[in-house]
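Coordinate analysis (summary)
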Amino acid sequence: MGEGLGEWDDEPEDPAAPEPAEDAPGLFYPNAAAFVSEKLAVTYRRQLNVQGGTTWCPQWWKHAEAISRLEALWRAWEHLRLDGTTGMSIWWRDHADHHMTILLSADGPFKGCNPDDGHRTKLAPLPCEEPPAGLF
């Protein structure tokens, strides 16, 4: 091992390797919550009608599935916003419309919640049994 190399470094740095981009753009929104309230909620407008099949929970962050899907939407948006050609079209088609259709559906993670009356915990986790030992 050469002088100055760390324990896991077994080859010196390549002087021709590109330097990490110091001017790489940062995040536009600091977190998923800011993205949801400042971008998604004001852009993705729908008539909410719990009986008609479109619902939303104002406390979306109390739903694990919603957190995961909205975090994915935010991260995809942050990445695709940098593509000035088709980035936003891809985000809408492959990400926003897909996840929001599921989130807003009457049988989605917000089932039982009401955009006017708020959060209601009604859905139980899916039942799971322990797999046989050694299967995974």
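Cut-offs used in this document
- Along each chain, residue indices are assigned from 1 in the same order as the chain's sequence is written.
- Selection of residues for local features in this predicted model requires a pLDDT of at least 70, selection of side-chain atom pairs for listing and counting requires 80 or more, and totals for whole chains, interfaces and linings are taken over all residues.
- Excluded from the side-chain calculations are hydrogens and water; all other atoms, namely the structure's heavy atoms, are used.
- Counting from the N terminus, the helices are DSSP H or I runs at least four residues long and the strands are E runs at least two residues long.
- Contact definition: two residues touch when any of their heavy atoms are within 4.5 Å.
- Counted as a polar contact is a pair of N or O atoms within 3.5 Å, where, for protein atoms, one must be capable of donating a hydrogen and the other of accepting one, and residues adjacent in sequence contribute only when both atoms are in side chains.
- Cavity: a set of points on a 1 Å grid over the protein atoms alone where a 1.4 Å probe fits but cannot get out. Pocket: an open set with protein on both sides within 12 Å along at least five of seven lines, its lining residues, like those of a cavity, having an atom within 4 Å of a point.
- Grid points are joined across faces, edges and corners, and a volume is the space filled by probe spheres set on the points.

All right, on to the environment of W91 then. Mapped onto the secondary structure, W91 falls in helix 3 (residues 87–104). Separated by 12 residues in the primary sequence, W91 and H79 have C-alpha atoms spaced 9.3 Å apart. Beyond its immediate chain neighbours, meaning those up to four positions away, W91 contacts F35, L40, L73, A76, W77, L80 and A96. A distance of 3.1 Å separates the side chain of W91 from the backbone oxygen of L73, its partner in a polar contact.

Time to look at the environment of Q51. Here Q51 lies in the loop between helix 1 (32–43) and helix 2 (64–80). Along the chain, Q51 and A106 lie 55 residues apart, while their C-alpha atoms are 7.8 Å from each other.

Moving on to the layout of surface pockets. Taken as a whole, the largest pocket encloses approximately 280 Å³ of empty space. As for the largest pocket, its lining consists of 16 residues, of which H63, E65, P109, L123 and A124 are closest to the centre.

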